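# A structural walkthrough
Next come the chains, spelled out residue by residue.
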Amino acid sequence: MKKKVLVPLIVFLLGICFVGFIVYKTDIHEKEQRHTTAQLNASTYGERIKNEITHGIGITDTLKQVLISENGKFNQFDTIAKNLMSDSIESVQLAPDGVVTDIYPISGNEAGKIDLIHDKNRGKISRYARDNHTIITQGPFELKQSGYGVAVRNPVYLKDENGQEYFWGFTIVILHVPDIFSDTLNALSNFGYEYRLSKTDAPWSDTYKVVYQSDRQLTHPVSYKFTIGEENWRFEVTPKSGWENNTLIAEVGVIFAAIVILLSVLTRVWLVSKEHKNKFKILAHTDSLTDIYNRYGFDELAVKMIDKNPKSHFVAALLDIDDFKFINDIYGHAYGDNALKSLADNMKAFFPPDTLLGRNGGDEFCILLPNYTCEEAEELLQQFTRLPKTFSYMGKEYPFHISLGYAEYPTFASNRSQLMRCADTALYEIKLHGKNGCMAYRAGLSSGVRKQLGFALKDISEHLPGAFIIYRADKEDDELFYANHEFLHMTGYKNIDELFRLTKKSFRNLIREDEQKQIESSIWEQIDNGNENDYIHFHLRKADGTYLSVLDHGRIVESQQYGRVFYVLFMDWEDMHIHYSDKFSE
């Protein structure tokens with residue numbers, strides 16, 4: 001009888017002790033796992049926040065380079081600033097001698113025109129930036145337009161006639177908080193974390209000031225620190241559910257009656273913890289849109305593959321979508337994302353299983369083919385470049401094309417970085433020669449071809465010496481696509497939206513009514529006769545309803561996106577008679 005009582009009691013007591021030991025160890029282990037996972041997230045997302053802030057700061061560097069190249073002069077500030085604006089930018093400013101004189105947009109920001117050097121709240125830190133040649137950030141502060149902002153001031157120094165350096169002033173950008181890093185914070189919150197982003201009050205201070213934080217208080221957070229300029233930033237995270245996994249401890253404690261059940265629960269907890277850890281590791285290396293490696297993951301694995309087989313041959317390729325900006329502008333970013341996902345799916349389906357695939361960012365992708373030479377990879381890469389590629393829009397498939405450049409290791413490169421630079425050079429050589437093609441790197445190619453690609457459509461069209469439009473070459477649907485600033489100025493339209501609204505996006509509605517049939521008939525008669533480039537004289541409708549006598553010089557071309565389109569230059573007929581009366585009299 002005593003055995004029946006004592007043995008079960010001893011087993012019970014030993015079991016309670018054993019379970020207590022397991023519960024204690026499990027609690028410690030779970031905390032460590034959560035700390036490890038939280039630290040990984042703090043580092044990963046902290047680095048993303050740093051990059052997003054640095055990208056915003058990069059706008060000041062762009063303005064700075066313009067000032068340096070123009071020796072302190074800044075023409076067309078509003079135009080350049082407008083092109084630099086985004087949803088996360090409140091305003092762009094110039095402050096020669098430390099006094100803010102130029103702000104874009106000016107509406108709602110008039111109060112920003114102040115003397116930064118002598119201002120009570122901004123003077124000390126502005127003088128520090130000036131005297132120490134360093135970028136400074138200040139804030140957050142409340143914006144009149146709602147929300148909060150952080151001011152970035154970048155000191156600019158020029159040289160006088162004697163070559164002596166002098167302080168010109170500041171280039172400034174006001175960043176929206178938290179818009180500048182909202183995507184990162186939303187992603188972290190969705191993963192179940194509270195967060196807090198802080199920065200030092202000033203470069204000389206050790207006191208941190210909160211820039212932005214989630215709604216709840218943080219308990220024993222882990223942190224990731226980084227530096228921008230001479231100011232320290234700190235990103236802290238903590239799980240919303242706390243560091244203890246009370247559910248797990250309760251489960252382990254309840255099943256003290258059976259060691260087998262207890263071991264089963266612990267095994268499950270271990271597997272779940274391992275799965276979470278692997279999940280975050282995959283997220284840190286994978287591009288969420290295309291489900292292939294991101295730049296960090298690709299670079300890391302590429303280095304490992306080459307270092308593991310240094311004598312093997314590898315072919316690296318860089319490719320991007322031709323005219324991807326037009327896909328985003330015309331169809332919207334959601335359909336631009338569709339094109340990116342479609343391209344990634346094509347890559348996964350086309351290339352061998354051991355091929356390393358990645359997305360560098362934007363529309364640029366990268367490929368690493370192990371055990372290939374350029375000669376062996378040429379047909380494969382040419383075939384992939386020619387492979388039809390489409391994305392869906394409103395139930396219809398639209399084609400797009402790519403440009404691809406590739407290079408071989410170790411023939412042209414001794415490491416991964418050099419290999420990718422060679423592939424990049426070949427890619428931009430293709431773009432320089434018309435896009436939609438594939439080229440191998442060869443000795444003598446220079447990375448300087450990028451400079452030749454620096455003139456975008458807007459740069460060229462806005463500086464053409466004349467009015468210019470593009471419209472669809474269709475007798476039934478002559479849709480207007482584009483008009484440059486000179487055309488809008490000539491015809492009195494405030495902007496392209498007003499032009500589209502008043503003309504209903506039709507070129508026909510720009511022609512005086514009594515001339516429409518005659519002019520259209522004349523244009524299409526020339527085209528039908530094989531003359532695709534000629535002059536037409538007619539009266540062009542202006543914004544105020546009056547008409548301007550113009551000479552139309554048009555050309556019809558084939559566009560991959562729109563089929564046949566007209567490119568048309570306009571000249572003021574009266575001005576031509578005035579300035580070239582001798583020519584007309586002849």
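Along each chain, residue indices are assigned from 1 in the same order as the chain's sequence is written. Local features in this predicted model are restricted to residues of pLDDT 70 or higher, and side-chain atom pairs are both shown and tallied only at a pLDDT of 80 or more, whereas totals for entire chains, interfaces and linings draw on every residue. The basis for every side-chain value is the complete set of non-hydrogen atoms in the structure, without hydrogens or water.

In this section: helix 4 (residues 182-190). Every buried residue belonging to helix 4 is among T184, L185 and L188, and all of these are buried. Buried residues of helix 4, viewed axially, fall in a sector of 95 degrees; they line one side. Counted as exposed and oriented over 90 degrees from the buried face of helix 4: D183 and N190. Secondary structure elements are taken from DSSP: a helix is a run of H or I of four residues or more, a strand is a run of E of two residues or more, and numbering for both begins at the N terminus. A positive phi of about 90 degrees marks G192, the residue just after helix 4. Think of it in three bands: residues with accessible area under 20% of the maximum for their type are buried, residues over 50% are exposed, and the middle band is partly exposed, with areas taken using a 1.4 Å probe on protein chains only. In this description, one arc is meant: the one made by directions from the helix axis to the C-beta atoms.

Residues at a pLDDT of 70 or more form 86% of the protein chain, whose mean pLDDT is 83. By mean pLDDT, the top-scoring element of the protein chain is strand 13 (residues 364-370) (95), and the lowest-scoring one is helix 12 (residues 449-452) (46). Each residue carries a pLDDT value, the predictor's own confidence for that position, ranging from 0 to 100. In what follows, residue pairs with any heavy atoms lying within 4.5 Å of each other are defined as contacts. Across residues 448-456, where pLDDT falls below 50, the model places twelve contacts with residues more than four positions away in sequence or in other chains.

This paragraph deals with the pairing of strand 8 (residues 222-228). When DSSP locates at least two bridges between a pair of strands, those strands are taken to pair. Bridge count for strand 8 against strand 9 (residues 231-239) is seven bridges, and the pairing is antiparallel. Opposite F226, over in strand 9, you have W233 as the bridge partner. If you look at the hairpin formed by strand 8 and strand 9, you'll find two residues sitting between the two strands, and G229 has a positive phi there, around 65 degrees.

Pairs of aromatic rings are described using the distance from one ring centre to the other and the angle between the two planes. In this analysis, rings of Phe, Tyr and Trp, with Trp reduced to its six-membered ring, are considered paired at centre separations within 6.5 Å, and the interplanar angle assigns stacked below 30 degrees, edge-to-face beyond 60, and tilted for intermediate values. The full count for this structure, using the stated rule, is 24 aromatic pairs. Ring plane angle 55 degrees and centroid distance 5.2 Å describe the contact between Y128 and W204, whose orientation is recorded as tilted. Of this pair, Y128 sits in helix 3 (residues 123-132) while W204 sits in the loop between strand 6 (193-200) and strand 7 (208-213), and the two are 76 residues apart along the sequence. Ring centres 6.1 Å apart and planes at 10 degrees place the aromatic pair F226 and W233 in the stacked group. Exposure remark for F226: the relative accessible area of 4% places this residue in the buried category. The class for W233 is buried, based on a relative accessible area of 2%. Three or more aromatic residues link up through ring pairs in this structure, and these residues are Y471, F487, F507, W524, F538, F566 and F570. Whether a charge sits over a ring comes down to the Lys NZ or Arg CZ being within 6 Å of the ring centre and within 35 degrees of the ring normal. Taking NZ or CZ as reference, K199 lies 6.0 Å from the ring centre of W233, over its face. The ring of F384 carries the charged tip of K389 above its face, separated from the ring centre by 4.7 Å.

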